[in-house]
Structures are given as C-alpha cells and as structure tokens.
Amino acid sequence: MYRFLIVLFFISFSYSQNRCGSDEYRDLLTEKGLFIKQNKANQNIIRTGQYNIPVVFHVIYNNDQQNIPDSQIFSQLDVLNQDYNAQNTDFVNVPSEFEDVAGDVGIHFCLAEFDPNGIPSTGITRTQTDEVSFSMSGDKMKISIEGGVDPWDTERYLNIWVCNLNGSLLGFSTYPGADPLLDGVVIDYEYLGVLINSPFPYNLGRTATHELGHFFGLEHTFYAGCSDWDGCDDTPPIATSTFGCPDFPQESCNSAVSMTMNFMDYTNDACMCMFTLCQADIMLATLTTQRAMLLENSFCEYNNVDEFSAKKNIVKLIDILGRDSNNKGFNIELYDDGSVLKKYIIE
C-alpha cells in the first residue's frame, strides 16, 4: 500500500508540472510575427567528427536560492554531453526493439571562453533582478531593461537563461526561425542540472536535453498523435505524451510499440535515454545549415568541468522511486556536487 502511494504521488506530480512550453512559445512568437517557419534542413549530411558548441548560461536571480552554484551548471553540461553522444549510462536500457535506430548526435557543449567582445569569460553570467518570477509570454528574462539579460550574439553562442519561471513550467526553447534577440533556451532554476534535493522526478538534467532537441529542430514524438508527423520514420507513432515511468512495452496507435524512453517524450528524467538516428540527423542538419555560425566560434572551456568532476564523492544510492537502494537493477548514484551516475546493477 505504501509503495502504491509513492508511485501515485510521483505520477500526480508529473501531471501537475508543465514539462515543456516550446510548442506554445512557437505559437506565441508566430502570432507576434517573431517566428518564420524554416524549410526542413537536408538530412543527407556527411559527419566531420564532433561538433563543439559554445554555451553561455545567464543566471537571473531574485534570492540566494535562485543564484545556483557553478556545480549545478557543470552537472548540466555533463548530462548534455553524455546524452548527445550516447554516453549516458542508461543508454544500455534502450530496448532491443529500438537498438538498431538508437542514435549518437555527436555534439559537445562547452562553456564559452570569451564573450562577444573578446574578453575572457567563464561562460556564466549572473544578474540580480527585482522580478520575482518570469513568464514565457513576456520574454522579460531575455531583456536587460526588463530585469533579465540581453543574449550574447545568438548566431555565435547557445544562450541558456536560468531563472524562476511562473507556475509549473520547467522550460522552453525557440525553434530555428525565431527572432535572433529571443533565440535560445530557458530553464527553471530548479530543473537545471542534477540536484539531490530538486523536485523529483525531473532532477537529472533531462529538461535541458529535451529543450535543446527543439532548439535543433526536433518535434515531440507525439506531435500530431497517430498521424506521426514528427518528421522521423524511426520514432513509432504515439497518441499522446507519456508521463511517469511506464513499463515496457507500451502500445499505441494500432498496436505500435511506443518509444516512451525517447528524450522528446515527457517521461521522468530517469526513464528517458535515447535519440534516434533520424533525430540525430535532423539536429546535425539544422546545426550545419540554419545554425552553422555556432560552429565558427570554437572558443570553449573544458578544464573547469573536468577539474570539478575529479573531486566529487558519492553520497547516496537510490532507485527510480527515490528510495535508498543496494539492490540489483536500475540505480542512481548521487554525488556531493549534485551530479548523477545512472547504473544498471546486474550482480
């Protein structure tokens, strides 16, 4: 009975959160004349190794809790670089039915080493604001005179704003074609990176993984439901978004096996683990055409993340329900820096 109540609580929590606002944000920008739909990039590209993208995190805070530490940002970079290179430890959980279509994007994210004026930078800006919270529709977090921060050149940097979002929204992103002054990703400060005490079940950094998928041109896997209009033949049609951590297999749309573990669905952070080959091709095609200027600014900083990661210590081992665990199966190691390592323990 107790276990049932725990599961029910986490399912209810999942539904109470607005996992992603990107579709609604695209509609808002379209209504304002600030978004122009782009033709789909040619997916027939030749990979030329790994693609490095400079990132700047704009931390906007009204109190000390919102002024997140560097360690939280470093843990987010770790998650992104694992997820976008098929190096996430839970990649082994991809079901055998989907192993042949599991994709490696090949994008590496790193802190920008110089600002737009050529001045050395940590790739992190911090701005105190009088705004208690920010709404998606207002865009104030992206405007300095409105209590936010103007973006760095959005053609040369990936801008990620971290702030207190109104209501239950976890994050949102622009799609290719948005106004340059608004282009980038916004994540609520409670859901960026990996934090031991952040609200479960969205505490493993997958909100940013998901939103960056939109930034590079991906639709939700459930976009248009069973009509299967997400642009990829290797993502099975699924009638609606998936919440919680469902058992495999789940079926939808005339008994098609659902890819609930795809990063572009809405499952718990601990229960999503893959992009597909088609999704990887779309993102790389978008990067090398519509967002190609990001690749011309190659000044990136790795050392801070590497040095910090070398000093972390494990503080807790839990299962996917957040309970202390020393059992076989899927477990999550939590470290003192807020980072996470997901493992499947066989023995």
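Residues numbered from 1 in each chain as written. Predicted model: local features only at pLDDT ≥ 70, side-chain atom pairs only at ≥ 80, totals over all residues. Heavy atoms only, no water.

**Description of the overall build of the chain**
Next, step 1: Along the backbone of the chain there are six helices and 14 strands.
Next, step 2: Going through the 347 residues of the chain one by one, you find that 54% of them count as buried.
Next, step 3: Expressed as a percentage of contacts within the chain between residues at least 6 apart in sequence, the contacts between residues at least 24 apart total 69%. (Helix = DSSP H or I, 4+ residues; strand = E, 2+ residues; numbered from the N terminus. Buried < 20%, exposed > 50% of the residue type's maximum accessible area, 1.4 Å probe, protein only. Contact = heavy atoms within 4.5 Å.)

**A closer look at the environment of Asp183**
Next, step 1: Along the chain, Asp183 falls in the loop between β6 (171-173) and β7 (185-188).
Next, step 2: The spatial distance from the C-alpha of Asp183 to the C-alpha of Asp153 is 9.4 Å, given a sequence separation of 30 residues.
Next, step 3: Ignoring sequence-local partners within four residues, the contact set of Asp183 consists of Thr154, Asn159, Trp161, Thr174, Tyr175, Ala178, Phe215 and Arg291.

**Considering the packing of aromatic side chains**
Next, step 1: Under the defined criterion, the tally for this structure stands at nine aromatic pairs.
Next, step 2: Measuring from ring centre to ring centre gives 5.2 Å for Tyr84 and Phe109, while their planes differ by 85 degrees; the resulting arrangement is edge-to-face. Of the two residues, Tyr84 sits in the loop between α3 (70-83) and β2 (102-103) while Phe109 sits in strand β3 (residues 107-112), which places them 25 residues apart along the sequence. Across the pair, exposure class does not vary: Tyr84 and Phe109 are buried alike.
Next, step 3: Judged by centre distance (5.1 Å) and plane angle (85 degrees), the ring pair of Phe215 and Phe216 falls under edge-to-face. For the pair shown, Phe215 and Phe216 are each scored as buried. (Phe/Tyr/Trp six-rings, centres within 6.5 Å; stacked < 30°, edge-to-face > 60°.)

**Side note on the pairing of strand β5 (residues 158-163)**
It is a general feature of regular strands that their side chains alternate between the two faces of the sheet.
Next, step 1: Along β5, six of the six residues are buried, which leaves the element largely enclosed by surrounding structure.
Next, step 2: Inspection of the sheet shows strand β1 (residues 51-61) paired to β5 by five bridges, in the parallel sense. Bridged to Phe57 within β5 is Ile160.
Next, step 3: Across four bridges, β5 lies against β7 in parallel orientation. Considered in β7, the bridge of Trp161 is made with Val186. (Pairing = 2+ DSSP bridges.)

**Some points on the packing of α3 against helix α4 (residues 206-215)**
Next, step 1: For the pair α3 and α4, interaxial distance at closest approach is 9 Å and the crossing angle is 55 degrees. By the criterion of interaxial angle, the relationship of α3 to α4 is oblique. Pair α3 / α4 crosses with right-handed handedness. Taken together, the residues of α4 that come into contact with α3 (itself represented by Gln76, Val79, Leu80 and Asp83) are Arg206, Ala208, Thr209 and Leu212.
Next, step 2: Among the residues forming the contact of α3 with α4, the class breakdown is four nonpolar, two polar and two charged. (Axes fitted to C-alpha atoms, helices over the stretch in contact; angles between N-to-C directions. Parallel < 35°, antiparallel > 145°, perpendicular 65-115°, else oblique. Left-handed = near helix turned anticlockwise from the far one by under 90°. Nonpolar A, V, L, I, M, F, W, Y, C, P; charged D, E, K, R; others polar.)

**Considering the pairing of β1**
Next, step 1: The buried fraction of β1 is high, at ten of eleven residues.
Next, step 2: Strand direction decides the pairing type here: β1 and β3, joined by five bridges, are parallel. The partner of Ile53 across the bridge, within β3, is Phe109.
Next, step 3: With five bridges joining them, β1 and strand β4 (residues 124-128) adopt parallel strand pairing. Paired with Val59 across the strands is Arg126, a residue of β4.

**Observations concerning α4**
Next, step 1: Judged by how many residues are buried, α4 sits mostly within the fold: ten of ten residues are covered.
Next, step 2: Those residues of α4 that sit buried are Arg206, Thr207, Ala208, Thr209, His210, Glu211, Leu212, Gly213, His214 and Phe215.
Next, step 3: Of the residues flanking the end of α4, it is Gly217, one or two places downstream, whose phi is positive at about 100 degrees.

**Digging into the confidence of the model for the chain**
Next, step 1: Per-residue confidence for the chain gives a mean pLDDT of 86; residues scoring 70 or more make up 80%.
Next, step 2: Here residues 302-309 is a poorly scored stretch, pLDDT under 50, and it has eleven contacts once near neighbours within four places are set aside; other chains count. (pLDDT = per-residue confidence, 0-100.)

**With respect to the pattern of salt bridges**
Next, step 1: According to the stated counting rule, one finds seven salt bridges in the structure shown.
Next, step 2: Where Arg206 meets Asp90, a salt bridge forms, and the shortest distance between an N and an O atom there is 3.2 Å. Taken together, the positions of Arg206 in helix α4 and Asp90 in the loop between α3 and β2 put the pair 116 residues apart, joining distant regions of the chain.
Next, step 3: In this structure, the salt-bridge partner of Asp183 is Arg291, at a minimum N-O distance of 2.6 Å. Taken as a pair, Asp183 in the loop between β6 and β7 and Arg291 in the loop between α5 (277-288) and β11 (300-301) lie far apart in primary sequence, 108 residues in all.
Next, step 4: Through salt bridges with shared partners, a single ionic network connects Asp23, Arg26 and Glu219. (Salt bridge = Lys/Arg side-chain N within 4 Å of Asp/Glu carboxyl O.)

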